[in-house]
Amino acid sequence: MPLLPSLYNIAFWLCRHATDAEDLVQETFLKALRGFGTFETGTNFKAWIFRILRNTYLTSKSGLAAKRTVALEDELNESGESGPSQYPEAAVDWQTPEMNLIQLADQAALQEAMEKLPAPLLEVILLCDVEGMKYKEIAMVLGIPIGTVMSRIARARASIRRALKGEWEPSREIRL
Amino acid sequence: MTDHLSATTLSALADGELAAEQLETTNQHLAECPSCTSNALQSSLLKSAMGKTGQRFAPTHEFQARVARQIKGGLPLQEVSRLVDSRSSNRGSLLYSWTAAAAVLFVSIGIILVQHNWNRSATASVEFAALATEACDQHIATLASNASPEVISSDRHTVKPWFQGKLPFSFNLPDNLPNGTILDGANLTYIHGLPAAQLLYSIGKHRVSVYLEQATGDGLPRNSKSSDLSIDHSGFHVFSFKTSDLDGIAVSDVDPARLSDLATMIARAQN
């Protein structure tokens, strides 16, 4: 089954539960079959089916729970503008490359940091870094402007770095 | 150095998403700013590490088989049973219940039969569209990179043996190629998670990728009556073919007839 492993991996990350992930993927495939007439040949099939997965997730129990959260800072930047100024550049005060290399090698710590990401940040990172999608494709899957994709990816990585440094800030709420 | 690169810019740099102008400006800055260079390196490392860490959960074989059965077989049987049960449970008369159940079952089977053919062709189309997307993406990536093929040779007796021990199957390459077609080399690759040979050809100035993988039954739509399928995807022609042991897919922007000739020749060489 093409894309099934990828869809399942993302589904599991989002649902955090094997049965829920299976249900989500199963429903996604059924919806894809039913709605295949709406797929335009020659367009991006992968983005199309991931969008179905994501929309199905949003209406699932775990998706609805994640959707209830709202984030003030993301709201400020959701107008469609890229808004890079939100991240004062010099504020990227990271550790030495050597330290970071050591931390990145600790896969368990990275896993834990990813698990703590709120769903909106986790999903952009999974689509970008795991699925290798371009920003345009991610914007298509999530139905958000490219600027928002960019800012979420930057925020997700900043959160991961903070977590690896032991400075995790747990409740930055963001709207899906 | 007062204006360091933003986190967004560093991320976009790691993701290869900066426009040419932005990239030039960024590179100029990086050449003068050790701090941002270090941060850019960390962004790339973080991206790579998260890519590996994020690839974590795999579906069980049972689940994969279940999904395959469901989408290939129309409505699940449990759905029919559930439908029958829910109708019959609220009836006082047992006879009435059975009559209602039989009627529902009859209607359901009718719907399933009508949908069955549509589902089969829709499933085949979905599978082929996904496969075409992946094959096109890989072909474009090959064109975009200036990397040489893993095995560079126009000699089929060099290319075929190179795959020994690298693939769980073997294949033949045709003795003669259509006019103007040259074998450039090959790569070992993966198509929807399965090892495959990417054979690289040139037809004039057009580049062609032909992917060969072991027939699995869940790759190309083997249950379709027509063994060969073709589609246009992102400006490329995609042509698939099947032999008794192999699935093949050819991608190129060359004239479809010439692509089909090459694919057919490769398919025939397997017999």
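Numbering of residues begins from 1 in every chain and follows the order in which that chain's sequence is written. As they are written, the chains are lettered A onward and the ligands numbered 1 onward, keeping that order. For a predicted model such as this one, the threshold for reporting local features is a pLDDT of at least 70, and the threshold for listing and counting side-chain atom pairs is 80 or more; totals across whole chains, interfaces and linings nevertheless cover every residue.

Participant: Looking at this model, I keep getting lost on the overall build of chain A. Mind explaining?
Facilitator: Secondary structure summary: chain A contains ten helices and zero strands in total. Written out in order from the N terminus, the α and β elements of chain A read α-α-α-α-α-α-α-α-α-α. Residue burial is a threshold on neighbouring C-beta atoms within 10 Å of the residue's own C-beta, all placed from the backbone, with 20 or more meaning buried, 12 or fewer meaning exposed, and counts in between meaning partly exposed. Buried residues in chain A amount to 50% of all 176 residues. Intrachain contacts of chain A at a sequence separation of at least 6 include 70% that bridge at least 24 residues. Runs of E in the DSSP output that reach at least two residues are strands. Runs of H or I that reach at least four are helices, and both are numbered from the N terminus. Each residue gets a C-beta atom placed from its backbone, and two residues are in contact if those atoms lie within 7 Å.

Participant: How should I be thinking about unusual backbone geometry in this particular structure?
Facilitator: Comment: phi is negative for the bulk of residues other than glycine, and the bulk of peptide bonds are trans. Residues and elements named next belong to chain A. The backbone of R16 sits at a positive phi, close to 65°, despite the residue not being glycine. Mapped onto the elements, R16 comes out in the loop between α1 (4–15) and α2 (18–34). Judged by C-beta crowding, with 13 C-beta atoms within 10 Å, R16 ranks as partly exposed.

Participant: I tried to follow the pairing of strand β4 (residues 206–214) of chain B on my own but got confused; where do I start?
Facilitator: Along any regular strand the residues' side chains alternate between the sheet's two faces. Residues and elements named next belong to chain B. The pairing of strand β3 (residues 194–203) with β4 spans eight bridges and is classified as antiparallel. Among the inter-strand pairings, L200 is bridged to a residue of β4, identified as S209. Counting the residues that bridge the hairpin from β3 to β4 gives two residues, and of these G204 lies at a positive phi of roughly 60°. By the convention used here, strands pair only if DSSP detects at least 2 bridges between them.

Participant: Can you walk me through the pairing of strand β6 (residues 236–242) of chain B in this structure?
Facilitator: All names here are of chain B. For β6, a buried count of seven out of seven residues is recorded, marking the element as mostly surrounded by other parts of the structure. Sheet analysis places strand β5 (residues 229–233) next to β6, joined by five bridges and oriented antiparallel. Following the sheet pairing, D232 is matched in β6 by H237. Where β6 lies against strand β7 (residues 246–252), six bridges are found, and the strand directions are antiparallel. The residue bridging F239 from the neighbouring strand is A250, located in β7. As consecutive antiparallel partners, β6 and β7 are separated by three residues.

Participant: What is the right way to look at helix α7 (residues 107–115) of chain A in this model?
Facilitator: Count 3.6 residues to each turn of an α-helix, and residues three or four apart come out pointing the same way. Residue and element names in this part refer to chain A. Restricting attention to buried positions, one finds in α7 the residues L110, A113 and M114. For α7, the buried positions fall inside an angular range of 100° around the axis, keeping them on one side. Along α7, exposed side chains directed more than 90 degrees from the buried face belong to A108 and E115. In this description, the arc belongs to the directions extending from the helix axis to the C-beta atoms.

Participant: Can you walk me through the sheet that holds strand β2 (residues 181–191) of chain B in this structure?
Facilitator: Through backbone hydrogen bonds, the strands of a sheet pair up, either in parallel or in antiparallel fashion. Residues and elements named next belong to chain B. Taking strand neighbours across the sheet as the criterion, the seven strands line up as β1-β2-β3-β4-β7-β6-β5 in an open arrangement whose pairing is antiparallel. Two strands in the sheet have a free side with no partner beyond their single neighbour: β1 (151–152) and β5. Of the pairings in the sheet, the one linking β4 to β7 comprises seven bridges and is antiparallel in character. The residue of β7 that forms the bridge with L212 is G248.

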